[in-house]
Amino acid sequence: QAQLVESGGGLVQAGGSLSLSCIASGIILSDSTMGWYRQAPGKQRELVATITSVGSTNYADSVKGRFTISRDNPKRTIYLQMNSLQPEDTAVYYCTANRWNSRTRWRDSYWGHGTQVTVSS
């Protein structure tokens with residue numbers, strides 16, 4: 001059964017750093033695009049970063065230069081290194097996995113349950 005479990009969230013002061021981890025099971029990682037989303041109170045969920053099966057990355061403008069997404073397929077783990085954190089980064093962060101389904105010709109998507117990141121000023 002597909003499962004994504006996030007960890008590493010917590011409380012930090014503005015300017016500090018956190019590293020999030022996502023351990024995947026029951027998912028074929030070698031051809032999956034992985035990503036991180038976040039959702040702040042009262043706001044819709046937004047894309048933070050993605051990394052493809054060949055290592056190409058994409059970031060939201062708000063986190064470019066501060067966040068780094070990476071993956072380690074043998075460890076079945078996806079990371080999000082967050083530096084220079086700001087209060088606006090406060091949100092629940094979710095890990096995602098997306099794999100092309102050749103039968104439906106669309107993506108199969110999976111979501112973790114999230115980890116809380118709180119940045120104080």
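Everything below is about the structure shown above.
Procedures and definitions
All residue numbers refer to position in the chain's written sequence, counted from 1. For this predicted model, a pLDDT threshold of at least 70 governs which residues receive local features, and a threshold of 80 or more governs which side-chain atom pairs are given and counted, while totals over whole chains, interfaces and linings are taken from all residues. By convention in this description, side-chain values take in all heavy atoms of the structure and omit both hydrogens and water. Every helix listed is a DSSP run of H or I at least four residues long, and every strand listed is a run of E at least two residues long, numbered separately from the N terminus. Between the two quantities, the radius of gyration covers C-alpha atoms and the globule rule is 2.2 Å times the number of residues to the power 0.38. Here the term buried applies to any residue with accessible area under 20% of the maximum for its type, exposed to any over 50%, and partly exposed to those in between, with areas from a 1.4 Å probe on protein chains only. The contact criterion used is simple: two residues touch if any of their non-hydrogen atoms lie within 4.5 Å. Positive: Lys, Arg. Negative: Asp, Glu. His and the chain ends are not part of the count. By convention, charge coordinates are those of NZ in Lys, CZ in Arg, CG in Asp, or CD in Glu. Any pair of nitrogen or oxygen atoms within 3.5 Å is treated as a polar contact; in protein, a donor-acceptor pairing is required on top of that, and neighbouring residues in sequence qualify only through side-chain atoms on both sides. The definition used for a disulfide is geometric: two cysteine sulfur atoms within 2.5 Å.

1. Brief notes about the overall build of the protein
Next, step 1: Looking only at helices and strands, the protein features zero helices and eleven strands.
Next, step 2: Seen in sequence order, the protein has helices and strands lined up from the N terminus as β-β-β-β-β-β-β-β-β-β-β.
Next, step 3: Its C-alpha atoms give the protein a radius of gyration of 14 Å, within 12% of the compact-globule value 14 Å for 121 residues.
Next, step 4: Based on the C-alpha atoms only, the size of the protein along its principal axes is roughly 50 × 30 × 25 Å.
Next, step 5: Relative to its 121 residues, the protein shows a buried fraction of 39%.
Next, step 6: Expressed as a percentage of contacts within the protein between residues at least 6 apart in sequence, the contacts between residues at least 24 apart total 55%.
Next, step 7: Computing the positive centroid from 12 side-chain charges and the negative centroid from 8, the protein places the two 6 Å apart.

2. Description of the side chain of D89
Next, step 1: The topology assignment puts D89 in the loop between β8 (77-82) and β9 (91-101).
Next, step 2: A polar side-chain atom of D89 sits 2.8 Å from the main-chain amide nitrogen of Q86.

3. What to know about the state of the cysteines
Next, step 1: Taken as a whole, this structure holds one disulfide when the rule is applied.
Next, step 2: Put simply, C22 and C95 are joined by a disulfide, and their sulfur atoms are 2.1 Å apart. Residues C22 and C95 are joined by a disulfide whose S-S torsion is about -80°; by sign, that bridge is left-handed. Of the two residues, C22 is situated in strand β3 (residues 18-25) and C95 in strand β9; the sequence distance between them amounts to 73 residues.
Next, step 3: On the accessibility criterion, C95 (0% relative accessible area) is buried.

In short, geometric facts, not functional conclusions.
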